[in-house]
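Residue-level listing of the chains:
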Amino acid sequence: MAQPQITAKKQQELQQQYTNYKNSLQQLAQRIGEIEQDTEEHKLVLETLGPLPPDRKCFRMINGVLVERTVKDVTPALQTNSEGLKKVLEELVKQYKRQQEDMEKWKVNLPSAHDGVLADRVPFFQKKNNIQVVQQ
């Protein structure tokens, strides 16, 4: 029994969907990396300020303006920001996992393609419920 062939239009639609999934995953991963870096910077600053006397002068950048504060003024704000970043990071990781699961479900539900006929023309096809990326 011959398997149905995928039309050129359907091929483009599938390729576009695949590209959209990959791009959104890449953007989420990039944003996760940025938030992780910010979290580490906050942690480092808090560790540095920890042993210092509370009345010691320090500087903080707020909206591009360097302002003079004391350690006791800056520490609570940094802790609040750090906790907020951790929550955002957790949510982004959940989003990334959901998006990845959606992509995997999408791959499994792709229409089958005849290996010999479409392998050289279709950018990806399904074979035993596993998607494979094929170079054009």
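Residues numbered from 1 in each chain as written. Predicted model: local features only at pLDDT ≥ 70, side-chain atom pairs only at ≥ 80, totals over all residues. Heavy atoms only, no water.

Here six bridges tie strand β1 (residues 57–62) to strand β2 (residues 65–70), and the two strands are oriented antiparallel to one another. Across the sheet, residue R60 finds its bridge partner in β2, namely V67. The antiparallel pairing of β1 with β2 creates a hairpin that spans two residues between the two strands, and N63 there sits at a positive phi of about 50 degrees. (Pairing = 2+ DSSP bridges. Helix = DSSP H or I, 4+ residues; strand = E, 2+ residues; numbered from the N terminus.)

Okay, the packing of aromatic side chains next. Taken as a whole and assessed by the stated rule, the structure comprises two aromatic pairs. Residues Y21 and W106 carry aromatic rings whose centres are separated by 5.6 Å and whose planes lie at 45 degrees to one another, so their mutual orientation is tilted. Within this pair, whereas Y21 is found in helix α1 (residues 8–49), its partner W106 is found in helix α2 (residues 71–108), the two being separated by 85 residues in sequence. Each member of the pair, Y21 as well as W106, is classed as buried. (Phe/Tyr/Trp six-rings, centres within 6.5 Å; stacked < 30°, edge-to-face > 60°. Buried < 20%, exposed > 50% of the residue type's maximum accessible area, 1.4 Å probe, protein only.)

Scanning the entire structure with this criterion turns up three salt bridges. Notably, a salt bridge pairs E34 with R31, separated by 3.2 Å at the nearest N-O pair. Placement of the pair is E34 and R31 together in helix α1, with a separation of three residues, close to one helical turn. Accessibility expressed as a relative area gives 35% for E34, which makes it partly exposed. (Salt bridge = Lys/Arg side-chain N within 4 Å of Asp/Glu carboxyl O.)

A surface patch of nonpolar side chains, about 350 Å² in accessible area, is lined by F59, M61 and L66. Within the fold, L66 resides in strand β2. (Patch = residues over 30% accessible without salt bridge, like charges linked within 9 Å, V, L, I, M, F, W, Y side chains within 5 Å. Areas by Shrake-Rupley, 256 points an atom, 1.4 Å probe, with all protein chains shown as cover.)

Here α1 crosses α2 at 160 degrees, and the two axes come no closer than 8 Å. On the basis of the axis angle, α1 is roughly antiparallel to α2. In the packing of α1 onto α2, the handedness of the crossing is left-handed. Taken together, the residues of the contact of α1 with α2 break down into 22 nonpolar, 11 polar and seven charged. (Axes fitted to C-alpha atoms, helices over the stretch in contact; angles between N-to-C directions. Parallel < 35°, antiparallel > 145°, perpendicular 65-115°, else oblique. Left-handed = near helix turned anticlockwise from the far one by under 90°. Nonpolar A, V, L, I, M, F, W, Y, C, P; charged D, E, K, R; others polar.)

What follows is about the layout of surface pockets. In this structure, the largest pocket spans a volume of roughly 230 Å³. If you trace the largest pocket, you find it lined by E41, H42, V45, L49, C58, F59, R60, M61, V74, L78 and N81. Looking at the lining of the largest pocket, the elements that each hand over two or more residues are α1, β1 and α2. Residue composition of the lining of the largest pocket, by class: seven nonpolar, two polar and two charged. (1 Å grid on protein atoms, 1.4 Å probe; cavity = no way out; pocket = protein on both sides within 12 Å on 5 of 7 lines; lining within 4 Å. Points joined across faces, edges and corners; volume = space filled by probe spheres on them.)

For the rest of this paragraph, the subject is the confidence of the model for the chain. If pLDDT is low for a region, its predicted coordinates should not be looked at in detail. Taken residue by residue, the chain gives an average pLDDT of 80. The fraction at 70 or more is 76%. Here helix α3 (residues 115–118) stands out as the least confident element of the chain, with mean pLDDT 40; β2 is the most confident, with 93. Low pLDDT (under 50) marks residues 113–130, which in the prediction has 47 contacts with non-local residues, meaning those over four places away or in another chain. (pLDDT = per-residue confidence, 0-100. Contact = heavy atoms within 4.5 Å.)

In the numbering used here, UniProt assigns the feature "coiled-coil region" (unreviewed entry) to residues 11–38 and 82–109. Span residues 11–38 is 100% helix and 0% strand, its end C-alpha atoms 41 Å apart. Counting secondary structure, residues 82–109 comes out at 96% helix and 0% strand; the distance between its end C-alpha atoms is 41 Å. (UniProt positions renumbered as here; feature names shortened; annotations may be inferred.)

Further remarks concern the side chain of S82. Along the chain, S82 falls in helix α2. Using a relative accessible area of 6% as the deciding quantity, one classes S82 as buried. If we skip the residues at most four places from it in the chain, S82 touches H42 and L46.

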